[in-house]
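Observations on the three-dimensional arrangement
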Amino acid sequence: MKKVLYAAVLWLLALPLYAQVALKTEGLDTAYVASIMKRSQKIVDGMNIADAHKAENVRNIIANRYFLLNTIHEACAAKKQYAKDSIQGKGRRQRIIEAAERRRDAELYKHHFELEANLSLYLDAAGIEAVKDGMTYGVVPKTYQAHLDMIPSLKEEEKAQILAWLKEAREFAMDAENSNAKHGWFGKYKGRINNWLSQRGYDLVKEREGWYKRIEEAKKKQ
C-alpha cells in the first residue's frame, strides 16, 4: 500500500505545476500567427524564465493578447471602411465611423485588465512590468532614464510623477493597433511631462543642451 501511495505522490510531483495555456488561433492567417509567436517569444526570451513550461504559458498569454487586439482593431477598421465605401451622406457615414470607434474602445476597456490578471498566475510584479515594457518597445524605462540623465536635479516626487505618467501612457499604448499609435500615446504624455516640468521652473532647452554636452564629454573620455 505504501509503495502505491509513494508512486502516486511521485506521479503527482511529475505533473506540470500549471495548466497549459491554449493558443487562440482559430481563423487566423498562419503567417500572421507565426509572426506574433516570434514577437511574443522574443519578449519571453528577454525575461530569462527558468521554468520552460511557465515560459511557454507566458508566451501564449502574450500571443493571445496580440490576437485579441488584432481582432478588435480589425473589426473596427472593417466597419469604418464599409462606411467610407458604401454609405451615402457625410453625416450618416460619420455616425457609423464614430459608433465603430466607440465599440472598439468599449471592447478594449472590457478586456484591458485580462492580460495582467492572466500573467499574475505565472509572474510577479517585476515580471509583469517586463512583459508590458516588452510589448511597448521599452519606452517607459528608456524615457524615464533619459529624464533622470537630462535633469539630474529632479526631486524625488518629480521623478515619481514622471514615472507614473509614463506608466499610464503605457497602459493606453499596450492596446493601440500599431507601433505608430503606441508611440503616439507616449508622445502625448511626454508633452504633458514637458509642460509640467516647464511650469515647475525647469528650462528644458537649457537642460537638454547640458545633457548633450555631458554625453559628448563622456565620449571623449572613453
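None of these values were measured; they are calculated from a predicted model.

Cut-offs applied
- Residues numbered from 1 in each chain as written.
- Predicted model: local features only at pLDDT ≥ 70, side-chain atom pairs only at ≥ 80, totals over all residues.
- Heavy atoms only, no water.
- Helix = DSSP H or I, 4+ residues; strand = E, 2+ residues; numbered from the N terminus.
- Rg over C-alpha atoms; globule rule 2.2 N^0.38 Å.
- Contact = heavy atoms within 4.5 Å.
- Lys, Arg positive; Asp, Glu negative; His and termini not counted.
- Charge placed at Lys NZ, Arg CZ, Asp CG, Glu CD.
- Buried < 20%, exposed > 50% of the residue type's maximum accessible area, 1.4 Å probe, protein only.
- Core = buried A, V, L, I, M, F, W, Y, C linked by side-chain atoms within 4.5 Å.
- Expected span 1.5 Å × (residues − 1).
- Arc of directions from axis to C-beta.
- Polar contact = N/O pair within 3.5 Å; in protein donor to acceptor, adjacent residues only side chain to side chain.
- Axes fitted to C-alpha atoms, helices over the stretch in contact; angles between N-to-C directions.
- Parallel < 35°, antiparallel > 145°, perpendicular 65-115°, else oblique.
- Nonpolar A, V, L, I, M, F, W, Y, C, P; charged D, E, K, R; others polar.
- pLDDT = per-residue confidence, 0-100.
- Left-handed = near helix turned anticlockwise from the far one by under 90°.

Quick look at the overall build of the chain now. Broken down by element type, the chain carries 10 helices and zero strands. Relative to the globule expectation of 17 Å for 222 residues, the C-alpha radius of gyration of the chain, 23 Å, shows a markedly less compact shape. Dimensions along the principal axes, computed over C-alpha positions, put the chain at roughly 80 × 65 × 30 Å. Sequence-distant contacts, at least 24 apart, represent 68% of the contacts inside the chain between residues at least 6 apart. Each charge class in the chain was averaged separately, 38 positive and 29 negative side chains, and the resulting centres sit 2 Å apart.

This brings us to unusual backbone geometry. With phi around 55°, Asn48 is a residue other than glycine that occupies positive phi space. Position of Asn48 among the secondary structure elements: in the loop between helix H2 (30-45) and helix H3 (52-86). Take Asn48: its relative accessible area is 67%, and that puts it in the exposed class. Of note in the backbone geometry, Tyr137 takes a positive phi value of approximately 65° without being a glycine. Here Tyr137 lies in the loop between helix H6 (125-134) and helix H7 (139-150).

Counting residues in each nonpolar core, the largest one holds 23 residues, and the members touching the most others are Ile49, Val58, Ile62, Leu119, Leu123, Val131 and Met135. Contributing elements (two or more residues each) for this core: H2, H3, helix H5 (114-119) and H6. Ranked by the residues each element gives to this core, the list is headed by H3, at seven residues. If we ignore the near neighbours within four places in the chain, the residues touching Ile62 are Ser40, Ile43, Val44, Val131 and Met135. Judged by nonpolar contacts, the second largest core, of 19 residues, contains Leu154, Ile162, Trp165 and Tyr202.

This next bit is on H2. End to end, H2 covers 22 Å across 16 residues, agreeing with the expected 22 Å (1.5 Å per residue, within 8%). All of the buried residues along H2 are Val33, Ile36, Met37, Ser40, Ile43 and Val44. The arc enclosing the buried residues of H2, seen along the axis, measures out at 120°, which places them on a common side. Turned more than 90 degrees from where H2 packs its buried face, Ala31, Lys38 and Lys42 sit exposed. In the core, the buried residues of H2 are packed alongside H3 and H6. At the N-terminal end of H2, a side-chain oxygen is found 3.1 Å from the backbone nitrogen of Ala31, two or three residues along, and the residue is Asp29.

Interaxial distance between H3 and helix H4 (residues 90-112) falls to 8 Å at its minimum, and their mutual angle equals 170°. The angle between H3 and H4 places the two elements in the roughly antiparallel class. For the pair H3 and H4, the contacting residues are Arg65, Leu68, Leu69, Ile72, His73, Cys76, Lys79, Lys80, Ala83 and Lys84 in the first and Arg93, Ile96, Ile97, Ala100, Glu101, Arg104, Glu107, Leu108, His111 and His112 in the second. Here the residues of the contact of H3 with H4 are counted per class, giving nine nonpolar, three polar and eight charged.

For the chain, the average pLDDT comes to 93, and 92% of its residues sit at 70 or higher. Low confidence marks residues 7-15, where pLDDT is under 50. Its contacts with residues over four positions away, or in another chain, come to zero contacts.

On to the packing of H6 against helix H8 (residues 156-174), then. Direction vectors running N to C along H6 and H8 enclose 60°, while the axes themselves pass 10 Å from each other. Considered as vectors, H6 and H8 are oriented oblique to each other. You can see that H6 and H8 cross each other, and the crossing is left-handed. Facing Glu129, Lys132 and Asp133 of H6, the residues of H8 in contact are Lys167, Arg170, Glu171 and Met174. Among the residues making up the contact of H6 with H8, the classes are represented as one nonpolar, no polar and six charged.

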